[in-house]
Amino acid sequence: MQAVAKSKKNITRDLVETALLIALVFIATRFINIRLPIASSGGLVHLGNTMLFISAIVFGKKKGAIAGGFGMALFDLLSEWAIWAPFTFIVRGVMGYIIGSIAWSNDKNGNSKIANIVGITISGIWMIFGYYITEVILYGNHIKAIASIPGNITQIVIGIVIGVPAAKVLKRYIK
C-alpha cells in the first residue's frame, strides 16, 4: 500500500512539474519577446527557448520535449501565428528531446556544461532546419525562410548565455 501511495505521489509531482514547465515556456515566449522588423513573417526573438533549454537540462528529454512542444505551440495558438502551431509543436518538442537526450547521456544528468551546450547547438541546427522547411511550406518562398535564420541564431545564442548558467543553479535546488 505504501508503494502505491509513493507511486501516486511521483505521478502527481511529474504532472505538476510538467505543467509548470509548459506554463513557464509559454510565459517566456509570450511576454519576454522582441518582434523582428527584418523578418517578413513578423518573427520574434523570445526567452521561451531559454526556458525550453532549462527544462530539458534540469528535467531531461521527456519533460523538455513536452514543455517546449506544448508551451510554444500554445503561444502560437493564442497569437496571430496559429497556423504555425503544429509545426512549432514538432520542432520545439524535438528540440527539447535532443537537448535532454544529450544533457542526460552517459550519466551526466544535465551537469556537464559542454554536453548542455552541444545539446543546445544540435537542437538549434534542428530548429533552423525545421523552421526553414516550415516557412517554405507556409509561404512557398525560400528567401523569406532564409531571412528568419539570423533571428533563430540569436535566440539560440541568448538561450545558451542565459539558460546554461541558470540550469546549473537550478540543478542544485531541484531534486
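The structure reproduced in this document is the subject of the present report. Since the model is a prediction, treat every value here as computed from it, not as a measurement.

### A closer look at the packing of aromatic side chains
What the rule picks out here adds up to five aromatic pairs. Here Trp-126 and Phe-129 contribute two aromatic rings whose centre-to-centre distance is 6.2 Å and whose plane-to-plane angle is 45°, an arrangement assigned as tilted. With Trp-126 and Phe-129 both in helix H5 (residues 113-139), this residue pair falls three residues apart, about one helical turn. Of the residues examined, Phe-129 reaches a relative accessible area of 48% and is grouped as partly exposed. Taken together, the aromatic side chains of Trp-84, Tyr-131 and Tyr-139 make up a single cluster linked through ring pairs.

### Things to note about H5
For H5, with 27 residues, the first-to-last C-alpha span of 38 Å sits near the 39 Å given by 1.5 Å per residue. All of the buried residues in H5 are Ala-115, Asn-116, Gly-119, Ile-120, Ser-123, Gly-124, Met-127, Ile-128, Gly-130, Tyr-131, Thr-134 and Glu-135. Considering only its buried residues, H5 is in contact with helix H2 (48-59), helix H4 (85-103), helix H6 (142-147) and helix H7 (149-173). With its phi angle positive at about 65°, Gly-140 sits one or two positions after the end of H5.

### Section: the pattern of salt bridges
Counted under the stated rule, the structure contains three salt bridges. The partner of Asp-14 in a salt bridge is Lys-63, with the nearest N and O atoms 3.0 Å apart. Of this pair, Asp-14 sits in helix H1 (residues 2-31) while Lys-63 sits in helix H3 (residues 61-77), and the two are 49 residues apart along the sequence. Taking the relative accessible area as the measure of exposure, Asp-14 reaches 37% and is therefore partly exposed. Taking relative accessible area as the criterion, Lys-63 reaches 12% and is therefore assigned buried. Between Glu-17 and Lys-63 there is a salt bridge; the shortest N-O distance is 2.3 Å. Here Glu-17 is found in helix H1, whereas its partner Lys-63 is found in helix H3, with 46 residues between them in sequence. Accessibility classification places Glu-17 together with Lys-63 in one group, the buried group.

Scoring rules and cut-offs
Residues numbered from 1 in each chain as written. Predicted model: local features only at pLDDT ≥ 70, side-chain atom pairs only at ≥ 80, totals over all residues. Heavy atoms only, no water. Phe/Tyr/Trp six-rings, centres within 6.5 Å; stacked < 30°, edge-to-face > 60°. Helix = DSSP H or I, 4+ residues; strand = E, 2+ residues; numbered from the N terminus. Buried < 20%, exposed > 50% of the residue type's maximum accessible area, 1.4 Å probe, protein only. Expected span 1.5 Å × (residues − 1). Contact = heavy atoms within 4.5 Å. Salt bridge = Lys/Arg side-chain N within 4 Å of Asp/Glu carboxyl O.

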